[in-house]
Structure formats: structure tokens, C-alpha cells
Amino acid sequence: MPKILRFHHNFVESIPHAIDDGILYVSVRFATAIHKCACGCGEEVVTPFTPTDWKLIFDGENITLNPSIGNWSFKCRSHYWIKNGKVIWAESWSDNMINSNRAYDHKVKNSHYKNDDKGIWGKVQEFIRSKLG
Ligand SMILES: [Zn+2]
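Given the structure is predicted, the values throughout are model-derived calculations rather than measurements. (Residues numbered from 1 in each chain as written. Predicted model: local features only at pLDDT ≥ 70, side-chain atom pairs only at ≥ 80, totals over all residues. Heavy atoms only, no water.)

A. Examining the domain arrangement of the protein chain more closely. Its domain assignment divides the protein chain into domain 1 (1-92) and domain 2 (94-133). Using only C-alpha atoms to locate each centre, domain 1 and domain 2 end up separated by 26 Å. In this assembly, domain 1 packs against domain 2 so that about 680 Å² is buried in total across both faces, 52% of it on carbon and sulfur atoms. When the buried area of domain 1 at its contact with domain 2 is split by residue, T52, W72 and R77 rank highest and sum to 66% of it. (Domains from an automatic or database assignment. Buried area = accessible area lost by both parts, 1.4 Å probe.)

Next comes the structure, spelled out in C-alpha cells:
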């Protein structure tokens, strides 16, 4: 399969079972996107949108995903950006780089969700306390 040079977006209600090459399916409802790996290997890449995962930028014509997409768990290990619908290839990472990035990602996620949880539960506890007087 040839490399994919650009992605067209398709806003969908739910993620379709069969997906086409070169289409980035975006479900706002499920806050996620799915596409076939840009290297042409046929693997499906899921990019959830959360404060610590991917962000979607839609300028009315094209889509940008941030950060880059690193398919380390696939055989192809492709690494690329989708910027304004175009695929921009990035360097393939070594195992060391992948592992240190995973550790960093884990740290960021932990601290984000810990703070978030504390925020929500802190508020709930405050509310309960205020009701109890
Ligand atoms: Zn691939």
C-alpha cells in the first residue's frame, strides 16, 4: 500500500466498522478519531481527545491533530503529524525514546487526573459539608 499523503475528514456520529484509507473519521460525541495508519500498513489508529491525549483543530477546511502520532505498537512504527490534513513524516523513534516518552506521558496523565479527581471530589465534599451545616 502506498503512503497516504493527506487526510480528508469525515465527521461521524459513531465510529464506522469499515474505514477507508485517507479518511480521518472524527466523532465529537465520543471525543475520538480513527484513521488507517498513514504508512499504508492498514492498521487502525485511534486517537482519543482528552486534555492529555490528542487535540483536534478544525479550521473549517482541514484538520490538525496534536501531538504527533507514533504507532510504536505496530510493526511499521510510523511516526507522523497530521497538519492541515497533510501527513508530515517524523523520525522513527528508538526504543529508549519510546520508553522515556511513555514514562513522561504516564506522569503527565497521573498528575492531571489526580488533580482533576481532587477537584471534583473536593467540590462534592464541600457541597455535602455545606448541606450538613
Ligand atoms: Zn503503518
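B. Geometry of the coordination of the zinc ion. Surrounding the zinc ion are the protein donor atoms C37 (SG), C39 (SG), C41 (SG) and C76 (SG), which sit 2.2 to 2.3 Å from the metal. Between the four donor atoms coordinating the zinc ion, the angles at the centre fall across 103 to 113°, so the site counts as tetrahedral. (Donors = N, O, S within 2.8 Å, 3.2 Å for Na, K, Ca; no water. Tetrahedral: all angles 85-135°; square planar, octahedral: opposite > 155°, others 65-115°.)

C. Quick look at the environment of I82. Along the polypeptide, I82 turns up in strand 7 (residues 79-83). Residue class for I82 comes out buried when judged on its relative accessible area of 1%. Counting along the chain gives 55 residues from I82 to S27, while the straight-line C-alpha distance between them is 17 Å. When near neighbours in sequence (up to four residues on either side) are disregarded, I82 contacts F7, L24, H35, I63, T64, L65 and I69. (Helix = DSSP H or I, 4+ residues; strand = E, 2+ residues; numbered from the N terminus. Buried < 20%, exposed > 50% of the residue type's maximum accessible area, 1.4 Å probe, protein only. Contact = heavy atoms within 4.5 Å.)

D. Spatial organisation of the pairing of strand 4 (residues 44-48). Judged by which residues are buried, strand 4 turns out to be one-sided: V45 and T47 face inward and are buried, whereas E44, V46 and P48, on the alternate face, are not. Relative to strand 4, strand 3 (residues 32-36) runs antiparallel, the two sharing five bridges. By the bridge assignment, A33 is partnered in strand 4 with T47. (Pairing = 2+ DSSP bridges.)

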